[in-house]
Amino acid sequence: MDVVYFNWLDYLVFGAMLGLSALIGIYFAFFAKRKQNTTSEYLMGGKTMGMFPISMSLIASYISGISLLGLPAEMYTYGTQLWAIVLSEWIVSVTIAIVYLPVFYNLQITSTYEYLRLRFNQNVQLLGSIIFIIKMLLYIPIVIYVPALAFNQVTGINLHLITPIVCLVCIFYTTLGGIKAVVWTDTLQTILMYFGVIFIVIYGTWRIGGVGEVMRINEEGDRLEFFNMDPDPTIRHTFWTTVIGNYFSWLASCSVNQAMVQRCLALPSLKKARITILIMAVGIYVIVSLCCYTGLVVYATFASCDPLTTGAIRKSDQLLPYLVMTITGSIPALPGIFMSGVFSAALSTMSTGLNSMCGVIFEDLIRPAYNKPISEKTASFIMKIIVVIIGATCVALVLLVEHMGALIQAGKSLAGITAGSLLGLFTMGLFMPWINASVINLKYPRNKYKLMLFTGALAGGITSTLLVGWMSLGTQAAMLRGDIVIAAKPVSVAGCPGNITIPTISSQSSIEFDRSGTFFLYRISYFYYTLIGMLVCVFTGTIVSFFTDPNDPAMVHRDLLTPVIHRFLPLQSPQCIRPRLTQHDIELHAREMEELCAQAAFMKEKCAGIDDLQKQKSKLGQ
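Residues numbered from 1 in each chain as written. Predicted model: local features only at pLDDT ≥ 70, side-chain atom pairs only at ≥ 80, totals over all residues. Heavy atoms only, no water.

Q: Can you lay out the packing of helix α12 (residues 270–302) against helix α14 (residues 319–328) for me, pointing to particular residues and giving the numbers?
A: One can describe the packing of α12 onto α14 by two numbers: an axis separation of 10 Å at closest approach and a directional angle of 60°. When the axis of α12 is compared with that of α14, the two are oblique. Here α12 and α14 pass one another in a crossing that is left-handed. Contacts from T294, V298, T301 and F302 of α12 reach α14 at L319, L320, Y322, L323, T326 and I327. A class-by-class count of the residues in the contact of α12 with α14 yields seven nonpolar, three polar and no charged. (Axes fitted to C-alpha atoms, helices over the stretch in contact; angles between N-to-C directions. Helix = DSSP H or I, 4+ residues; strand = E, 2+ residues; numbered from the N terminus. Parallel < 35°, antiparallel > 145°, perpendicular 65-115°, else oblique. Left-handed = near helix turned anticlockwise from the far one by under 90°. Contact = heavy atoms within 4.5 Å. Nonpolar A, V, L, I, M, F, W, Y, C, P; charged D, E, K, R; others polar.)

Rendered as structure tokens:
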């Protein structure tokens, strides 16, 4: 089969998408009524954002190019069991709206990890912020690599050449336009993403002969598998791993993730934030299901001639771009529209990550280091520099991603290193008022030796990160060595043109992991990483707190605890201290008071002018 590449019209469509994204950043930087020159505007949009763009931004942030390319590749290679993740995503949305969001919204914090300082102390906040930064630095390079891999398939251009170009556009509009540019480019990109996927689904199904024919071919190819009820935690995908494991994985990604919470806090009310979360759930359910079904269309198209076996593509994640160029390459502009959708998904996730990391680094690391208030002009300049530096770092890290396995597993595995500890820290803070966070210094006689004992939350967070990090990296290393084998579903090349030898399918193809000698923790399904990390964090924090003077629940302010548990707690003590304001809050309140005073002075002057006019009228009347 001849290789089909982009034509000039495809490049034009793709360039228009990148250009329009850049123009949105320029608009909010220079032409919008409210410029992005304050921390409130740059990070929170002045808390005046609408539900529609925020909903689209949340959907775009979750559905990266990893989902658009990785999910179809997963369905093609391993079957449909992963499709069951949509069942848990509805429950996660309800959990966020009821349990987590009210606390964050009522505290009106800029960085999610400010909560950890208010509930515990600055050391725990610093730990949470660093864990989040590490998580995003591990995740964003994969997000960048995905569209570059797809672009390489449809154009033949080296992926390491296109990567800096894509990132430069993303860094450009994120740096200039702040969260408003990020949200509105996300909205544009989400529309493109949906259009591209829906068209491929409809056109691909029509070419094959309808939905029934797609399902028949996939059933014959042993791709349809939804209810593998085996409780073995070492099996990569079962009903339990994809539903239970994904529940905690997605809960960590949404409920305590700065990238998600920051957008919800940009809305003017908690009610609107909750509605937005539910809209996001619907949008994600639809796009994930479309991506999974697209995988069935890909298999139905290539069931008798596997592109990987024939060498038409190098990695399974190039299957969907290969399908697009194969079936729509002759239709003007459609490949360009599809690639615009894939790049849109990646750009939206990257821009969201850059903006949220910028907020965390500035609010949690840089601002506390200053002994005096930072002017808004200086703050705006520092945040823009942060975005540029982080973006350049992520581009450099792309070189490591190329040596990983399937994108879905690699992304989830690396995210699990930090997701479990973060979810555990916030779970302890919101649900367990007895967890402490003080640091005890034990001094031996004559001050010759000092022993610093980390307690409660700090011990839990560190232990969890180290354990899951060891499991995740150890698993990746074992897979590279060939100690862990993930068996794919059978493929065929019987229908390929020319003389191609049909590969022999191993008799052990039903065995997903080599259980003979690999360490047990390396064989556990990557979907359980977040759950394991959370449980280790909570267990360690509880044990250490018990032996190091646990908190009195009556002395923890109710604003710091989820409303779900208020009825089960003792009455709050009158001596309980309210959450302290951060320096940023104090500065914001001071500026708000100045603005109110200025408005009051203006109104007073205006009223005085009206009084003078009325007096003059009355004199004339007399």
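Q: If you had to explain the pattern of salt bridges to someone new, which residues and values would you point to?
A: What the rule picks out here adds up to five salt bridges. Measuring nitrogen to oxygen at the nearest pair gives 2.5 Å for the salt bridge that ties E213 to R216. With E213 and R216 both in helix α9 (residues 211–220), this residue pair falls three residues apart, about one helical turn. Among the ionic pairs, K489 bridges to E225, the shortest N-O distance being 3.7 Å. You can see K489 sitting in the loop between α18 (457–481) and α19 (520–523) and its partner E225 sitting in the loop between α9 and α10 (239–254), a full 264 residues away along the chain. The class of K489 is buried, set by a relative accessible area of 18%. On the basis of relative accessibility, which here comes to 23%, the residue E225 falls in the partly exposed class. Beyond isolated ion pairs, a larger network of salt bridges with shared partners links E213, R216 and E220. (Salt bridge = Lys/Arg side-chain N within 4 Å of Asp/Glu carboxyl O. Buried < 20%, exposed > 50% of the residue type's maximum accessible area, 1.4 Å probe, protein only.)

Q: A description of α9 should follow, citing residues and the corresponding values.
A: Listing the buried residues of α9 in full gives V214, I217 and N218. Seen end-on, α9 carries its buried residues on one side only, within an arc spanning 95°. Among the exposed residues of α9, those pointing more than 90 degrees away from its buried face are G212, E219 and E220. Just beyond α9, the residue with positive phi is D222, at close to 65°. (Arc of directions from axis to C-beta.)

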